[in-house]
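Observations on the model geometry
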Amino acid sequence: LNDGLDDVREELEDLNGETMANSGIHANYWSQNFIDTWNKTDELSALFQSTTLNTVFSGSLGEKLATVSKLIKTQEQRGINRDAFFVKIGGFDAHAYAKQNLENNLPGVESAVRSFYDEMVAQNMIDNITFVMTSEFGRTITGNSGGGTDHAWGGNYFLFGGRVRGGRILGEYPKSFGASDPTNLGRGRLIPTTSWDALWHGVAQWFGIDTPEEINAVIPNNVNFGCRLYTDSDLYQDGTHSISGCGGQLMNFDLGMFIAEPRYLTGIEQKRICEAAVKLVSADTGLESRCVVVDQKVIVNFEEKEFRN
């Protein structure tokens, strides 16, 4: 953590030392925050140097997950009760020689993830973590002339942790990889059937973000997918939450939107018509509801309770 800092320490201390009478409130605030951050960095560096792990990590990704493991092990000393970490590794954009690329890169991923899992077990923390492994986008199923694959859309993600209901595949698997499949845009570029927000909805609930207001702040696009979201009950053995407005009946009614020409509704228009539909259901029934537009059809789901007259 100290790499390069010692070379400029004296200059930075002079720059952010005691302020003058005419320094001003912004200079004081900046200097104090800088000094506080510097002190915390020194404390964290010393804490890291004194912390040992139970597991050997190797490779670029392994080094990053070793750092995460040390941070988890020192959470009490850091005064933290919840952490979120992000690490990444590149080198998979294989427009050529895809087979060789995966043969070179995947063993390092497997080793790093295995070491992290073993370390969490050794720390007795495996029941307290959720590990989500993702890719930024999918790849074409058919190869190109260079023996590689090109950018696509839908893909898959992996989730593990001690309380995860594992051993399952969630979402909808393509019915066919042929050109006639409606999710295939060509060359195996598959349209996703499960949103990114669906996964993080359940993970967020597990993390303690569970009120509708909090969920909307953290995952603002969750309202675009109606009830097609996962809850912590779907993902975890001890999940307790559901989606407010879901699990009941479906309502069909007519809604009008005036547009200048026949065409599909844009994303913004779909949001607006769903907002109107939810307000109508609330006004007519007093119930919470969720809305989604699928194939240009407005679908509203509401809780199964007695209607208000």
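The structure contained in this document is the topic of the report that follows. Owing to the predicted nature of the structure, the values given are computational and were not obtained by experimental measurement.

Things to note about the pattern of salt bridges
Applying the stated criterion across every chain yields a total of 8 salt bridges. One salt bridge connects Asp93 with Arg139, and the closest N-O pair in it is separated by 2.7 Å. One end of the pair, Asp93, is in the loop between α4 (75-78) and α5 (98-122); the other, Arg139, is in the loop between β1 (131-133) and β2 (158-160), with 46 residues separating them in the sequence. With relative accessibility at 23%, the residue Arg139 sits in the partly exposed group. Of the charged contacts, one joins Glu269 and Arg263 as a salt bridge, the two residues approaching to 2.8 Å between their closest N and O atoms. On the basis of relative accessibility, which here comes to 37%, the residue Arg263 falls in the partly exposed class.

Some remarks on helix α6 (residues 196-206)
Counting buried residues along α6, 8 of its 11 residues qualify, which places the element largely inside the surrounding structure. Every buried residue of α6 is accounted for by Asp197, Ala198, Leu199, His201, Gly202, Val203, Ala204 and Gln205. Buried residues along α6 sit against β1, β2, α7 (212-218) and α8 (232-235).

Structural notes on the environment of Asp181
With respect to the element layout, Asp181 can be found in the loop between β2 and α6. Setting aside chain neighbours within four positions, we find Asp181 in contact with Lys175 and Ser176. Here Thr183 takes part through its side chain, which lies 2.4 Å from a polar atom of the side chain of Asp181.

What about unusual backbone geometry?
Located in the positive-phi region is Asn124, a residue other than glycine, with phi close to 60°. The topology assignment puts Asn124 in the loop between α5 and β1. Using a relative accessible area of 66% as the deciding quantity, one classes Asn124 as exposed. The backbone of Gln296 shows a phi angle near 65°, a positive value even though the residue is not glycine.

Considerations on the pairing of strand β5 (residues 297-302)
Along a regular strand, successive side chains alternate from one face of the sheet to the other. Here strand β4 (residues 289-294) runs beside β5; their pairing, made up of 6 bridges, is antiparallel. Across the sheet, Val292 pairs through a bridge with Ile299, a residue of β5. Hairpin remark: β4 followed by β5, antiparallel, with 2 residues in the connecting loop; positive phi at Asp295, about 55°.

How each quantity is defined
Residues numbered from 1 in each chain as written. Predicted model: local features only at pLDDT ≥ 70, side-chain atom pairs only at ≥ 80, totals over all residues. Heavy atoms only, no water. Salt bridge = Lys/Arg side-chain N within 4 Å of Asp/Glu carboxyl O. Helix = DSSP H or I, 4+ residues; strand = E, 2+ residues; numbered from the N terminus. Buried < 20%, exposed > 50% of the residue type's maximum accessible area, 1.4 Å probe, protein only. Contact = heavy atoms within 4.5 Å. Polar contact = N/O pair within 3.5 Å; in protein donor to acceptor, adjacent residues only side chain to side chain. Pairing = 2+ DSSP bridges.

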